[in-house]
Amino acid sequence: VKAQINELRIKILVPTLLVIGLMVAMVFLITRGIVRPLRLAVDISNRLAKGDLEVEIAVTSHDEVGELLKAMQNMVEAQHMVADVAKRLAVGDLQVDATPRSDKDVLLHNIQAMIQAEKGITDIAEQLSDGDFRIAIKTRSQEDVLMQSLADMVRRVSGVVAEISAGSDDVATS
């Protein structure tokens with residue numbers, strides 16, 4: 001009887017240990033399959049937060065983690081587009097397309113405002129180069145040092161032109 005009980009224990013214990021071992025292996029593999037892509041997503045997010053747009057995102061699954069990585073790919077592509085707009089604007093290309101991607105696109109809305117401001121400054125510079133010093137220069141805010149300085153410059157140059165004109169009138173009448 002004791003031998004039969006021991007044999008029965010072995011018959012029950014061995015399959016039970018095998019099932020437990022398989023379950024532990026499955027939990028390990030499933031956890032690894034989730035944690036690895038999530039660590040990658042965290043790494044990518046941290047690199048993007050530092051301005052690194054050279055990240056490569058390989059989407060290898062179609063589950064939720066794959067969807068997350070695909071969304072991050074879209075975000076990187078969008079950031080590349082904004083970086084290109086900023087690069088072109090930095091070299092004076094005022095024809096760059098900075099159309100906001102949505103109503104909530106704060107960055108491109110502000111870049112559009114910068115482009116309009118630069119176009120306004122360009123118009124002022126063209127008028128000045130044509131000799132028209134009667135332009136009204138409006139500051140965009142109290143912090144607008146550029147437009148304040150430009151207004152001061154125009155006011156001073158206008159004063160110099162007026163003095164020269166008055167002096168030439170005096171010379172002509174003398």
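Residues numbered from 1 in each chain as written. Predicted model: local features only at pLDDT ≥ 70, side-chain atom pairs only at ≥ 80, totals over all residues. Heavy atoms only, no water.

Draft legend 1. Representation of helix α3 (residues 106–129). Here α3 spans 35 Å end to end across 24 residues, near enough to the 34 Å set by a 1.5 Å rise per residue. All of the buried residues along α3 are L108, I111, I115, A117, I124 and L128. Packing partners of the buried residues in α3 comprise α2 (64–90) and α4 (145–173). Just past α3, the residue G131 takes up positive phi, approximately 90°. (Helix = DSSP H or I, 4+ residues; strand = E, 2+ residues; numbered from the N terminus. Expected span 1.5 Å × (residues − 1). Buried < 20%, exposed > 50% of the residue type's maximum accessible area, 1.4 Å probe, protein only. Contact = heavy atoms within 4.5 Å.)

Draft legend 2. Local environment of the environment of Q79. The residue Q79 is located in helix α2 in this model. The sequence separation of Q79 and G51 amounts to 28 residues, and the corresponding C-alpha distance is 9.2 Å.

Draft legend 3. Focus on the packing of α2 against α3. Where α2 meets α3, the closest approach of the two axes is 11 Å, and the angle between their N-to-C directions is 15°. By the angle between their directions, the pair α2 and α3 is classed as roughly parallel. The two elements α2 and α3 cross, and the hand of that crossing is left-handed. Along the contact surface, α2 presents M81, V82, V85 and L89, while α3 presents L107, L108, I111, M114, I115 and E118. Each residue belonging to the contact of α2 with α3 can be placed in one class, and the counts come to 9 nonpolar, no polar and 1 charged. (Axes fitted to C-alpha atoms, helices over the stretch in contact; angles between N-to-C directions. Parallel < 35°, antiparallel > 145°, perpendicular 65-115°, else oblique. Left-handed = near helix turned anticlockwise from the far one by under 90°. Nonpolar A, V, L, I, M, F, W, Y, C, P; charged D, E, K, R; others polar.)

Draft legend 4. Looking closely at a nonpolar patch on the surface. A cluster of nonpolar side chains, contributed by M26, I30, I34, L38 and L68, occupies part of the molecular surface with about 440 Å² of accessible area. The topology assignment puts I34 in helix α1 (residues 2–49). With a relative accessible area of 42%, I34 lands in the partly exposed category. (Patch = residues over 30% accessible without salt bridge, like charges linked within 9 Å, V, L, I, M, F, W, Y side chains within 5 Å. Areas by Shrake-Rupley, 256 points an atom, 1.4 Å probe, with all protein chains shown as cover. Salt bridge = Lys/Arg side-chain N within 4 Å of Asp/Glu carboxyl O.)

Draft legend 5. The arrangement of the pattern of salt bridges in detail. Counted according to the given criterion, the structure contains 7 salt bridges. Between R101 and D105 there is a salt bridge, with the nearest N and O atoms lying 2.7 Å from each other. The class for R101 is partly exposed, based on a relative accessible area of 43%. Where D144 meets R140, a salt bridge forms, and the shortest distance between an N and an O atom there is 2.8 Å.

Draft legend 6. Looking closely at α1. An ideal rise of 1.5 Å per residue puts 70 Å on 48 residues; α1 measures up with 68 Å between its terminal C-alpha atoms. Among the residues of α1, those classed as buried are A41, I44 and L48. Residues of α1 that are buried sit in contact with α2. Following α1 by one or two positions, G51 adopts a phi angle in the positive range, close to 90°.

Draft legend 7. Molecular detail of the packing of α1 against α2. Taken N-terminus to C-terminus, the directions of α1 and α2 make an angle of 20°; their axes are 10 Å apart at the nearest point. Judged by the inter-axis angle, α1 sits roughly parallel to α2. The element α1 and its partner α2 pack so that their crossing is left-handed. Contacts between α1 and α2 involve P37, L38, L40, A41, I44, S45 and L48 from the first element and V65, L68, L69, M72, M75 and V76 from the second. Of the residues belonging to the contact of α1 with α2, the class tally is 12 nonpolar, 1 polar and no charged.

Draft legend 8. Summary view of the nonpolar core. In terms of nonpolar packing, the biggest core is built from 10 residues, these being A41, I44, L48, L53, V55, I57, V65, L69, M72 and V76. Of all elements in the fold, only α1 and α2 reach the threshold of two or more residues within this core. Ranked by residue count, the leading element in this core is α2, at 4 residues. Among the nonpolar cores identified, the runner-up in size contains 9 residues, and L94, V96, A98 and L108 belong to it. (Core = buried A, V, L, I, M, F, W, Y, C linked by side-chain atoms within 4.5 Å.)

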